[in-house]
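# Observations on the model geometry
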Amino acid sequence: MIVDQAEAGLEVELTRHGKPVAIVISHRRLEQLRGNRVQFGDAYNAYIERHSVRALGLEREFFESLRSKETGRKVSL
């Protein structure tokens, strides 16, 4: 019945102890949601092209100097 409802275009909310935990949707709706997404790498490259580090008057080495080269703190479990 849940699959039939989703296939018919309904969004079926699943709950556990009265709290929403998942939504069942049709495969067609999932493809619609996925279809218009820009891949991260493409969005990042477009951003870099629009906002050049050199246009800001900064050299690439400036950012490299900001990152810590340390291995991090010790954690005891």
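Structure shown above.
The text that follows walks through the structure, step by step, so that each part is easy to find. In this text the structure is predicted, and so the values were computed from the model without any measurement.

## Focus on the overall build of the chain
The secondary structure content of the chain amounts to four helices and two strands. Over its C-alpha atoms, taken along the principal directions, the chain stretches across nearly 60 × 45 × 15 Å. By the burial criterion, 4% of the 77 residues in the chain qualify as buried. The contacts of the chain with a sequence gap of at least 6 include a subset with a gap of at least 24, amounting to 0%. If you sum the accessible surface of the chain, you get close to 7800 Å²; carbon and sulfur atoms cover 53% of it. Across the chain, 13 positive and 11 negative side-chain charges occur, with their mean positions spaced 7 Å apart.

## With respect to the packing of aromatic side chains
The full count for this structure, using the stated rule, is one aromatic pair. An angle of 20° between the planes, with centres 6.1 Å apart, marks the rings of Phe40 and Tyr44 as stacked. Taken as a pair, Phe40 and Tyr44 lie in helix H3 (residues 40–50) at a separation of four residues, close to a single helical turn. Classification of Phe40 as exposed rests on a relative accessible area of 68%.

## Quick look at the pairing of strand S2 (residues 19–24)
Counting buried positions along S2 yields zero of six residues, so the element is predominantly exposed. Pairing between strand S1 (residues 12–16) and S2: five bridges, direction antiparallel. Looking at S2, one finds that Leu14 is bridged to Ala22. As consecutive antiparallel partners, S1 and S2 are separated by two residues, and within that stretch His17 has a phi angle of approximately 55°, a positive value.

## Focus: unusual backbone geometry
It is generally the case that most residues other than glycine have a negative phi and that most peptide bonds are trans. The phi torsion at His17 lies on the positive side, around 55°, for a residue other than glycine. Inspection of the secondary structure assignment puts His17 in the loop between S1 and S2. His17 gets classed as exposed once you look at its relative accessible area, which sits at 78%.

## Brief notes about the side chain of Ser26
Mapped onto the elements, Ser26 comes out in the loop between S2 and helix H2 (27–35). Contact partners of Ser26, with chain neighbours within four places excluded, come to Ala6 and Glu7.

Parameters at a glance
- Residues numbered from 1 in each chain as written.
- Predicted model: local features only at pLDDT ≥ 70, side-chain atom pairs only at ≥ 80, totals over all residues.
- Heavy atoms only, no water.
- Helix = DSSP H or I, 4+ residues; strand = E, 2+ residues; numbered from the N terminus.
- Buried < 20%, exposed > 50% of the residue type's maximum accessible area, 1.4 Å probe, protein only.
- Contact = heavy atoms within 4.5 Å.
- Areas by Shrake-Rupley, 256 points an atom, 1.4 Å probe, with all protein chains shown as cover.
- Lys, Arg positive; Asp, Glu negative; His and termini not counted.
- Charge placed at Lys NZ, Arg CZ, Asp CG, Glu CD.
- Phe/Tyr/Trp six-rings, centres within 6.5 Å; stacked < 30°, edge-to-face > 60°.
- Pairing = 2+ DSSP bridges.

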